[in-house]
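# Structural overview for review
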Amino acid sequence: MSVDWREIEEKWVKRWEQQKTFEADPDPSRKKYFVTVAYPYPNSPQHIGHGRTYTLADAHARYMRMKGYNVLFTMGFHYTGTPILGMSRRVAAGDQDLIDTFHNVYKLTDDVISTFVEPIKIASYFHSEIKQGMKEMGYSMDWRREFTTIDRMYSKFIVWQFNTLKKKGLIVQGSHPVGWCPRDQNPVSQHDTMGDVEPDFTEYVLVKFRRGNVVIPSATLRPETIFGVTNMWVNPDAEYVEVSVDGEKWLVSKEAARKLEFLNRDVKIEKTIKGSEMVGWEITNPLNNAPIVVYPASFVEADSGTGVVMSVPAHAPHDYQALADLKNNKALQQKFGIAVSVEPIVIIESEGYSSVPAAQAIEKALPGPKEDKLEKATSDLYSHEFYKGKMLAKAGKYAGRPVAEIKNEVKEEMSRAGMTSVMYELNNPVRCRCGAECVVKLLSNQWFLNYGDKGWKALAHECIQKMDVVPQDIRQEFDYVIDWLRERACARKSGLGTKLPWDQEWIIESLSDSVIYMAYYTIAKFVNAGAIPDIDSIGDSFFDYVLLGQGDAEKVARECKIQKQTVEQVRNEFSYFYPVDSRHSGRDLVPNHLSFFIFNHVAIFGREMWPRQVVVNGSVLMEGKKMSKSLGNIIPLRAAISEHGADTIRLAILVSAEILQDADFSFDTVRGIRSKLFGMFDMAERVKDVPTVAPEEVEDKWLASRLARASSVTAESMDRLRVRESIHHILYLLEQDLQWYEKRVSAKGRQDSPVVLSALAGYLKTQVRMLAPFAPFTAEELWERLGNKHTIAQAGWPESSSVDMGAEESEFLLQSLLADIQSIVKVTKMESKKIVIYTRAVWKEPAYRMILSNVLQGKTNFGENMKQLIANPETAKVKTDPNLVKKMQDDILSAPVEARERRLKLGQFDEAAAISDGASLIAKEFAGAEVIVNAEDDPARYDPKGKAKFARPFKPAVYLE
Ligand SMILES: [Zn+2]
């Protein structure tokens with residue numbers, strides 16, 4: 001038969017909309033479950049990689065709905081901040097790379113692209129594109145609550161959020177270093193940069209060496225090594241500038257002068273000199289007034305630090321090497337008219353190092369390229385001396401004390417004496433989305449969210465502690481981020497967004513206006529329905545009442561020009577759906593969005609409104625490779641849906657990996673899934689109108705029992721969001737059961753009996769219900785074709801009460817027996833006419849049970865078990881066959897735990913009946929051989945080779961002839 005996926009998908013999208021299937025309203029008689037996922041910036045179309053987080057959240061929402069919860073799943077659109085603005089600027093600037101992508105990957109026309117110079121056009125175009133894609137994917141969202149972050153009411157909400165934080169003293173004005181785009185004159189964070197890089201920087205100490213009244217500063221992370229400085233390094237080919245810095249005369253590289261400007265220094269360039277002119281100068285160490293010579297070094301980079309490097313050859317491998325090289329290079333010395341004679345000054349002693357530590361560290365570093373070797377030696381020696389080093393006599397008053405202890409003291413002392421200053425450097429180059437190279441800027445009088453506040457951090461840790469984090473391993477990553485976060489600039493001078501209420505020059509940035517918006521979904525429903533007529537009149541008192549329960553409804557209604565009833569309804573809506581039960585996002589948002597989400601919730605809401613769960617997933621690979629423009633393997637989501645079908649895409653994304661791993665999307669998987677779904681349609685055709693009949697034979701009961709078990713183990717997997725495992729149960733393990741069942745009934749010739757058709761219908765119904773969270777279109781369609789009038793969500797998750805242990809043991813025994821016979825046939829290579837099966841003698845049964853019970857209690861000592869068996873008259877007969885006990889114990893140990901427990905619970909079990917029932921299948925599998933079942937202790941048994949005595953409980957003996 002053919003299946004028209006597009007028709008099915010369109011039909012159900014429409015039906016769900018008409019029936020308002022996913023519209024959730026407060027219902028005190030039902031438990032609620034609120035699922036949210038990070039809303040997108042509508043600045044580009046979705047591709048398959050975007051589908052993972054949303055699909056996972058949707059499967060979770062649909063699963064909880066099947067479990068009977070009143071599930072709310074929502075979506076909004078993040079217009080604010082720089083991502084949309086940046087994209088529109090790139091279009092305006094004619095960025096060919098971007099325009100090519102729009103053309104070639106997403107098939108946009110020039111007419112459409114040309115409108116993108118206006119940010120709002122980009123946003124609204126991709127907003128509807130993304131929304132359409134979400135509907136086509138079958139996401140079960142309540143679209144009545146949709147909003148964008150530039151909606152007027154949303155701005156009111158953000159104003160309230162910021163006023164509330166400010167009242168709590170969590171927003172501070174101050175001077176702090178931030179990543180900065182010099183072109184936009186704006187702070188930058190991850191969402192503002194190309195490649196989503198978070199600007200990360202390090203604070204260096206600037207030691208002010210002097211030449212007369214001129215300061216020659218050098219940046220270092222090890223101020224304590226100042227006692228070991230032997231010389232300075234400059235790059236003879238670089239340009240240096242004499243500048244006035246806050247009234248002092250400084251000499252630094254040209255690049256460093258620019259960086260100092262961003263650190264709010266008043267910098268004026270007075271004259272330029274070549275590095276080579278500085279070589280041979282004598283300058284002074286500020287701490288001990290020792291004279292120091294300036295030497296040339298090509299490794300010095302003008303744009304790193306100040307372009308002047310203090311040389312500590314005894315403890316810095318790079319300096320040691322450079323000094324050694326220079327000493328050997330007489331020509332270079334001659335060129336600059338210098339005679340290099342300085343020797344390393346050792347100032348730190350540490351276990352494992354004698355003579356010159358830097359020289360030893362270089363020797364210890366593994367062989368390899370010189371630069372790698374020096375890097376390795378540097379980091380090894382740095383941490384070794386920090387943790388284990390002690391200062392030597394040359395360190396004056398610090399002599400004899402551990403490095404770890406005095407490091408800060410030296411820094412403070414020098415700072416107090418005015419011998420140092422500070423400088424910040426980006427750890428890696430960062431580019432703004434506008435294309436400009438970012439720098440570190442010391443922002444003055446800027447507004448910061450004080451994530452460094454200790455009390456605030458403590459609450460955030462408490463929240464992490466109390467909530468579920470899926471997967472568990474991510475919990476410590478959150479704790480780490482919470483400890484590490486400090487003041488964060490929360491406003492920008494440009495971008496779309498809400499103005500800072502108390503300082504209208506500033507616009508609240510996009511990682512600060514997206515932290516508690518999940519609460520806004522409860523309000524948006526009323527805004528969209530027109531129940532809040534005059535948004536201009538809405539003030540903070542509205543949100544205080546609705547979100548915090550503070551104030552008086554009547555007063556709020558009067559102030560905000562809304563009906564009192566509406567105010568109460570919104571409050572009720574929030575109180576019912578909040579807190580967030582599950583927040584989904586990609587792993588890359590742990591260090592920013594998800595942590596801010598936690599911080600802001602604990603600051604604004606009481607504990608009962610804190611989020612209950614965070615779910616973090618990995619990304620998506622395409623056929624094992626990262627998706628990238630250069631590899632040409634980015635597939636737009638909507639194109640993929642129309643080619644392969646939404647359910648297939650959903651399953652292919654979800655089945656390939658557990659949650660934190662990268663999912664690998666592959667077209668082989670897509671094809672495999674598609675054929676499985678087709679198979680289900682075929683089966684539905686066969687069983688759609690059959691009446692329900694009770695199970696008769698053991699295999700009917702077995703199938704029902706397996707279904708019940710599958711439903712409960714899959715629920716256990718889904719409760720922990722082990723999605724891959726769940727789909728594996730539903731699509732692959734259940735199918736094995738089906739194949740066994742079909743073999744059994746066809747051997748008995750009953751494949752067309754009403755009981756079997758009814759069992760198959762029952763199988764499909766259960767499978768389809770379990771599949772509904774993952775493949776909703778297929779599930780709904782099949783559910784309807786199977787004669788059901790209501791949606792599958794209303795059908796609920798299948799019951800798991802009808803587990804039948806007897807039937808399960810019966811089929812398990814038969815399956816093991818078949819495998820045993822097959823291996824005998826393989827060894828003997830004989831074609832049997834007759835298969836004789838012997839079941840154990842009655843007396844072996846109690847002995848088996850005693851060993852089984854011991855093994856389940858962990859008693860597996862053969863001697864002890866034997867003693868116990870002999871001591872009991874009922875089992876003493878094992879004396880005659882000690883090997884039997886050994887073998888029974890081995891049987892038990894090699895049986896699955898599930899089977900061990902079942903056998904103990906079952907008590908008496910009629911093996912002969914189970915095997916006789918399967919005789920038809922055994923005969924069929926072995927070319928119509930005659931199958932005889934005899935008891936070992938039946939005097940009339942057919943046993944020409946004396947095989948019967950080898951029979952053991954649940955392990956019949958077999959004789960072939
Ligand atoms: Zn920029």
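Residues numbered from 1 in each chain as written. Predicted model: local features only at pLDDT ≥ 70, side-chain atom pairs only at ≥ 80, totals over all residues. Heavy atoms only, no water.

Counting secondary structure elements, the protein chain contains 36 helices and 29 strands. For the protein chain, the C-alpha atoms occupy an extent of roughly 120 × 80 × 55 Å along the three principal directions. Relative to its 961 residues, the protein chain shows a buried fraction of 55%. Accessible surface, the protein chain: about 40,600 Å² in total, of which carbon and sulfur atoms supply 49%. (Helix = DSSP H or I, 4+ residues; strand = E, 2+ residues; numbered from the N terminus. Buried < 20%, exposed > 50% of the residue type's maximum accessible area, 1.4 Å probe, protein only. Areas by Shrake-Rupley, 256 points an atom, 1.4 Å probe, with all protein chains shown as cover.)

Further remarks concern the sheet that holds strand 25 (residues 625–626). As a general point, the strands of a sheet are linked pairwise by backbone hydrogen bonds and lie either parallel or antiparallel. The three strands are arranged 25-24-26 in an open sheet whose pairing can be described as mixed. The sheet terminates laterally at strand 25 and strand 26 (663–665), the two strands that pair on one side only. Pairing analysis gives three bridges linking strand 24 (residues 620–622) to strand 26, with the strands arranged parallel. In the sheet register, methionine 622 faces strand 26, and the bridge partner there is phenylalanine 665. (Pairing = 2+ DSSP bridges.)

Now for the packing of helix 16 (residues 475–484) against helix 21 (residues 590–604). Put simply, helix 16 and helix 21 touch, their axes get as near as 10 Å, and they point 80 degrees apart. Taken together, the axes of helix 16 and helix 21 lie roughly perpendicular to each other. On helix 21, the residues that touch Glu477, Phe478, Val481 and Ile482 of helix 16 are Val590, Pro591, Leu594, Ser595, Ile598 and Phe599. Residue composition of the contact of helix 16 with helix 21, by class: eight nonpolar, one polar and one charged. (Axes fitted to C-alpha atoms, helices over the stretch in contact; angles between N-to-C directions. Parallel < 35°, antiparallel > 145°, perpendicular 65-115°, else oblique. Contact = heavy atoms within 4.5 Å. Nonpolar A, V, L, I, M, F, W, Y, C, P; charged D, E, K, R; others polar.)

Okay, the coordination of the zinc ion next. In the first shell of the zinc ion, the protein supplies Cys181 (SG), Asp184 (OD), Cys432 (SG) and Cys434 (SG), at 2.2 Å from the metal. Here the zinc ion is ringed by four donor atoms whose angles at the metal span 100 to 117 degrees, and the overall shape comes out tetrahedral. (Donors = N, O, S within 2.8 Å, 3.2 Å for Na, K, Ca; no water. Tetrahedral: all angles 85-135°; square planar, octahedral: opposite > 155°, others 65-115°.)

Our focus in this paragraph is the side chain of histidine 644. Following the sequence through the fold, histidine 644 ends up in helix 22 (residues 637–644). Here histidine 644 is in contact with Ile649, Phe667, Val670 and Arg674, once residues within four sequence places are set aside.

Taking 1.5 Å of rise per residue, 22 residues should cover 32 Å, and helix 25 (residues 698–719) covers 32 Å from first to last C-alpha, within 8% of that figure. In the segment just after helix 25, leucine 721 is the residue with positive phi, at about 55 degrees. (Expected span 1.5 Å × (residues − 1).)

Right, let's get into the environment of phenylalanine 542. Mapped onto the secondary structure, phenylalanine 542 falls in helix 18 (residues 540–548). The exposure class of phenylalanine 542 is buried, given its relative accessible area of 0%. Beyond its immediate sequence surroundings of up to four residues, phenylalanine 542 is in contact with Met153, Ile523, Ile532, Val556, Cys560, Ile562 and Val570.

A word on the sheet that holds strand 18 (residues 468–470). Ordered by their spatial adjacency, five strands build an open sheet running 2-1-22-23-18, and the pairing between neighbours is parallel. The outermost strands of the open sheet, each flanked by one partner alone, are strand 2 (70–73) and strand 18. Adjacent strand axes in the sheet meet at a mean angle of 15 degrees when their direction is disregarded. The sheet contact formed by strand 22 (residues 582–586) and strand 23 (residues 613–617) spans four bridges and is parallel. Residue serine 585 lies in a different strand from strand 23, and its bridge partner there is valine 616.

As for its position among the elements, serine 253 is in strand 9 (residues 248–253). What serine 253 contacts, discounting residues up to four positions off in sequence, is Glu239, Tyr240, Val241, Ala302, Thr306 and Gly307.

Summed over all chains, the structure comprises 47 aromatic pairs. An angle of 10 degrees between the planes, with centres 3.7 Å apart, marks the rings of tyrosine 39 and tyrosine 517 as stacked. With tyrosine 39 in the loop between strand 1 (32–37) and helix 2 (51–66) and tyrosine 517 in the loop between strand 21 (507–508) and helix 17 (520–528), this pair connects stretches of sequence that are 478 residues apart. Neither tyrosine 39 nor tyrosine 517 differs from the other in exposure class; each is buried. Lying across the ring of tryptophan 281, arginine 211 places its NZ or CZ 3.7 Å from the centre. (Phe/Tyr/Trp six-rings, centres within 6.5 Å; stacked < 30°, edge-to-face > 60°. Lys NZ or Arg CZ within 6 Å of the ring centre and 35° of its normal.)

Before going further, it helps to examine the pattern of salt bridges. The final tally for this structure, using the stated rule, is 81 salt bridges. A salt bridge links glutamate 685 to lysine 688; its shortest N-O distance comes to 3.0 Å. Among the charged side chains, a salt-bridge network with shared partners connects Glu697, Glu699, Asp700, Arg744, Lys748, Arg750, Glu811 and Asp917. (Salt bridge = Lys/Arg side-chain N within 4 Å of Asp/Glu carboxyl O.)

One finds Met153, Phe157, Ile523, Phe542, Leu547 and Ile922 to be the most contacted residues of the largest nonpolar core, which totals 223 residues. Setting aside chain neighbours within four positions, we find methionine 153 in contact with Tyr520, Ile523, Val527, Ile532, Ile535, Ile538, Phe542 and Phe543. In this structure, Met232, Ala302, Ile338 and Met414 belong to the second largest nonpolar core, which totals 46 residues. (Core = buried A, V, L, I, M, F, W, Y, C linked by side-chain atoms within 4.5 Å.)

Of all six residues that make up strand 27 (residues 834–839), six are buried, and the element is covered over most of its length. Residue alternation in strand 27 divides its side chains into two sets, Lys834, Val836 and Tyr838 and Ile835, Ile837 and Thr839, and both sets are buried. One ladder, built from six bridges, connects strand 27 with strand 28 (residues 930–935); its direction is parallel. Residue pairing for strand 28: tyrosine 838 is matched across the bridge by asparagine 934. The pairing of strand 27 with strand 29 (residues 957–960) spans four bridges and is classified as antiparallel. Bridge pairing links valine 836 to tyrosine 959 in strand 29.

A few words now on the packing of helix 23 (residues 646–655) against helix 24 (residues 667–687). Contact geometry of helix 23 with helix 24 gives a least axis separation of 9 Å together with a crossing angle of 125 degrees. Our classification of the angle between helix 23 and helix 24 gives oblique. For the pair helix 23 and helix 24, the crossing hand works out as right-handed. In this structure, helix 23 contributes Asp647, Thr648, Leu651, Ala652 and Val655 to the contact, and helix 24 contributes Thr669, Val670, Ile673, Arg674 and Leu677. The residue inventory of the contact of helix 23 with helix 24, partitioned by class, reads six nonpolar, two polar and two charged. (Left-handed = near helix turned anticlockwise from the far one by under 90°.)

With that settled, consider the pairing of strand 23. Residues in a regular strand point their side chains to alternate faces of the sheet. Burial analysis of strand 23 places five of its five residues in the buried class, which makes it a mostly covered element. Burial along strand 23 is two-sided: the residues Gln613, Val615 and Asn617 and Val614 and Val616 are all buried. Pairing of strand 18 with strand 23 involves three bridges; the strand directions are parallel. Looking at strand 23, one finds that aspartate 468 is bridged to glutamine 613. Viewed along the sheet, the connection from strand 22 through helix 21 into strand 23 turns out right-handed. (Right-handed = clockwise from strand over helix to strand, strands pointing away.)

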